[in-house]
Amino acid sequence: MKDFGESRRRFLQATGLAAGAILLSKEALAEIAAAMPHGKTEQTEPASADYTLHIKDSPIEIAPKRIISLTTYNGQFPGPLLRFKEGQQVTVDLYNDTDTREQLHWHGQKVSTDVDGAAEEGTPFIPAHGKRRITFTPRPSGLRFYHTHNRAGANLAAGQYGGEVGPVYIEPAQEPGRHGHEVFLVLKEFEPTFSRGGDMAQDFMSPAPRNKDLEEAGESAMKASLAKGMPHGYEVGYRSFTINGRMLGHGEPIRVKQGERVLFHILNGSATEIRSLALPGHTFQVVALDGNPVPNPVQVPVLWIGTAERISAIVEMNHPGVWIMGDLDNDDRRNGMGIVVEYAGRPGKAQWIAPPAFKWNYARFAKAAGTAATPDETFDMTFAKDNAAEEGFNRWTINGVAYPTAGEIAPASFHLTEGKRYRLRMRNASDDIHPIHLHRHSFELTSLAGKPTAGILKDVMMLGGYQEAEVDFIADNPGLTLFHCHQQLHMDFGFMTLFDYV
Ligand SMILES: [Cu+2]
């Protein structure tokens, strides 16, 4: 099937003819007929796809004369914005022009395991120099994204360290319109290197209380490891930082008018990092988290966005000037993590002013005094770190089990019955912060560090060091379902598990 489509396309290219304006010789028709699968006619061959993505290695200029090599979608970074309509079926052709088989994950969408893009769930690979055509029904509406689901291990050119990240916006079935001024921002670091240890800041998290038992367990395991002469496990750092593929000051500014309300769709496309974002003199009205509308869309001065999280927020442009919208981290911002916002008729040098101290609490956007429904069953999950245990890399475990680093399919550890509501009681026995992700389902935040909450639907949540959280989900999408930390190093070295439906 695909061979015929391919050969026909190549034939059309070779003859310089566009589809729809075809004059074919008898010989050419015979060649096409011979190329067709037996018993098939041209009528059964699906029409061209709605979208075509080529996975390929490309030079990407992140600043003038600063050109890096990345695996990309369609030779650009970020990958093209794909706009879908909720519930309206689409066909996407995925070409892999590289030497490595690939997985393209439709993050945040309720799709089948055949489409989802995770080898662990059984999604077929897009073969090296091969193609897959997939058809699916986009849902739910909101800001989603697509990215590679290859594991990288020790290879910092592979997986999400490269350029395989692109935004998806699914328009709600019942609403026709787009917001007047919409801006999509993809935050991404490049030029990664390994270091020994290094802490990830997490003092922005609220509520803050740590669980003493978890802390004792984690700290004593680390002490024991260091006492045996083990170094700290590898971490990843970056040389360059970008928004929409350009370092601060080297891309087109966001041009705004006084008084307008701009809807920002922000995606943290990082492999490993948690990002912050502020715009001096302005506030963000958070209307959706991970694409899902929040019950309480309040204004905040700073956004904190975990690896793979998305925030949709409206900014009222009421403070004319030229501003740097950027990360709070001075080094990362100076190395590129920012973008200029320029009011019409206000030329000048872009300014940065640090915002007041602010804590990030998902519950701020939740239903006031809301209570989540009672689950049918609760699963306990404890996350732990074996320092430097895997050839110098930290090995990660869920309830003492590390997902195998070789091979694709491991048996499922958790079993679901369709239609039931499940609660995950997650306990982090490590000092690292983890952006926890569930495939093919959304979950509701039901408890943060012991405080109940309700009404926030997400597919990634940050779980702070030695903290506890609970999330609920409805088993409404049968098939193998991957659960993992979205920090690439953690995921690649054990921090994954599978749910199945029984
Ligand atoms: Cu993690």
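Computed from a prediction, not measured in an experiment: that's the story for all the values here.

A.B. asks: Where do I start with the nonpolar core in this structure?
C.D. replies: A general feature of soluble globular proteins is that nonpolar side chains tend to end up buried together. If you look at the biggest cluster of nonpolar residues, it comprises 79 residues, and the most contacted ones within it are Leu185, Trp360 and Met426. Considering each element in turn, this core owes the most residues, four residues, to strand β10 (residues 234-243). Excluding residues that lie within four positions of it along the chain, Met426 makes contacts with Met381, Phe383, Ile436, Met461, Leu463, Gln467, Glu468, Ala469, Val471 and Phe483. One finds Leu53, Val115, Ile126 and Ile170 within the second-largest nonpolar core, a separate group that totals 18 residues.

A.B. asks: Just checking my understanding: could you explain the side chain of Glu164 for this structure?
C.D. replies: Looking at the element boundaries, Glu164 is found in the loop between β7 (142-148) and β8 (165-171). Among buried charged residues, Glu164 stands out as having no salt bridge; its nearest opposite-charge side chain is Lys188, 9.3 Å away. Apart from residues lying up to four places away in sequence, Glu164 is in contact with Ile55, Thr71, Thr72, Tyr73, Glu102, Tyr146, His147, Thr148 and Gly159.

A.B. asks: How do you make sense of the pattern of salt bridges when you look at a structure like this?
C.D. replies: It is possible for side chains of opposite charge to pair when their charged atoms get near one another. Going through the model one piece at a time under the given rule, you end up with 32 salt bridges. When the shortest N-O distance is used, the salt bridge between Asp93 and Arg133 registers 2.7 Å. Taken as a pair, Asp93 in strand β4 (residues 90-96) and Arg133 in strand β6 (residues 131-136) lie far apart in primary sequence, 40 residues in all. For Asp93, a relative accessible area of 2% puts it in the buried group. Here Arg133 falls in the partly exposed class, since its relative accessible area comes to 25%. Arg421 is the salt-bridge partner of Asp472, the closest N and O atoms lying 2.9 Å from each other. Here Asp472, found in strand β30 (residues 468-474), pairs with Arg421, found in strand β24 (residues 421-428); they are 51 residues apart in sequence, far enough to count as distant. As far as burial versus exposure is concerned, Asp472 and Arg421 are alike and both buried. One connected set of salt bridges, linked through shared partners, spans Asp380, Arg421, Arg423, Arg425, Glu444, Glu470 and Asp472.

A.B. asks: It is not clear to me how the sheet that holds strand β2 (residues 66-73) should be interpreted in this structure. Could you clarify?
C.D. replies: Across a sheet, strands are paired by hydrogen bonds formed along the backbone, either parallel or antiparallel in direction. With respect to topology, four strands assemble into an open sheet ordered β2-β1-β4-β6, the strand pairing being mixed. Whereas interior strands pair on both sides, the edge strands pair on one side only; in this sheet they are β2 and β6. Neighbour to neighbour, the strand axes of the sheet diverge by 30° on average, direction disregarded.

A.B. asks: Where do I start with the coordination of the copper ion in this structure?
C.D. replies: Put simply, a metal with four donors set out as a tetrahedron has ideal angles of 109.5 degrees, and one with six donors set out as an octahedron has ideal angles of 90 or 180 degrees. The copper ion binds to the protein through His434 (ND1), Cys485 (SG) and His490 (ND1), with metal-donor distances spanning 2.0 to 2.1 Å. Mapped onto the sequence, the donors of the copper ion take the spacing H-x50-C-x4-H. Highlighted residues: His434 in strand β25 (residues 434-438) and Cys485 in strand β31 (residues 481-485), separated in sequence by 51 residues. Residue His434 is classed as buried on the basis of its relative accessible area, which comes to 0%.

A.B. asks: So what exactly am I meant to see when it comes to the environment of Lys188 here?
C.D. replies: With respect to the helices and strands, Lys188 occurs in strand β9 (residues 181-196). Separated by 54 residues in the primary sequence, Lys188 and Thr242 place their C-alpha atoms 5.4 Å from one another. When sequence neighbours within four positions are dropped, the list of residues in contact with Lys188 reads Phe77, Gln160, Tyr161, Gly162, Val165, Phe241, Thr242, Gly269, Ser270 and Met337. At 3.0 Å, the side chain of Lys188 and the backbone oxygen of Gly162 are in polar contact.

A.B. asks: When you look at the sheet that holds strand β20 (residues 338-343) in this model, what are you seeing that I'm missing?
C.D. replies: Across the sheet, three strands lie side by side as β11-β20-β19; this open sheet has mixed pairing. Taken across any chain shown, the strands that pair with only one partner, and hence form the sheet edges, are β11 (254-256) and β19 (322-326). Each adjacent strand pair in this sheet contributes to an overall mean axis angle of 25°, direction not counted. Here three bridges tie β11 to β20, and the two strands are oriented parallel to one another. From the neighbouring strand, Arg255 faces β20, where its bridge partner is Glu342.

How each quantity is defined
- Residues numbered from 1 in each chain as written.
- Predicted model: local features only at pLDDT ≥ 70, side-chain atom pairs only at ≥ 80, totals over all residues.
- Heavy atoms only, no water.
- Core = buried A, V, L, I, M, F, W, Y, C linked by side-chain atoms within 4.5 Å.
- Buried < 20%, exposed > 50% of the residue type's maximum accessible area, 1.4 Å probe, protein only.
- Helix = DSSP H or I, 4+ residues; strand = E, 2+ residues; numbered from the N terminus.
- Contact = heavy atoms within 4.5 Å.
- Lys, Arg positive; Asp, Glu negative; His and termini not counted.
- Salt bridge = Lys/Arg side-chain N within 4 Å of Asp/Glu carboxyl O.
- Pairing = 2+ DSSP bridges.
- Axes fitted to C-alpha atoms, helices over the stretch in contact; angles between N-to-C directions.
- Donors = N, O, S within 2.8 Å, 3.2 Å for Na, K, Ca; no water.
- Polar contact = N/O pair within 3.5 Å; in protein donor to acceptor, adjacent residues only side chain to side chain.

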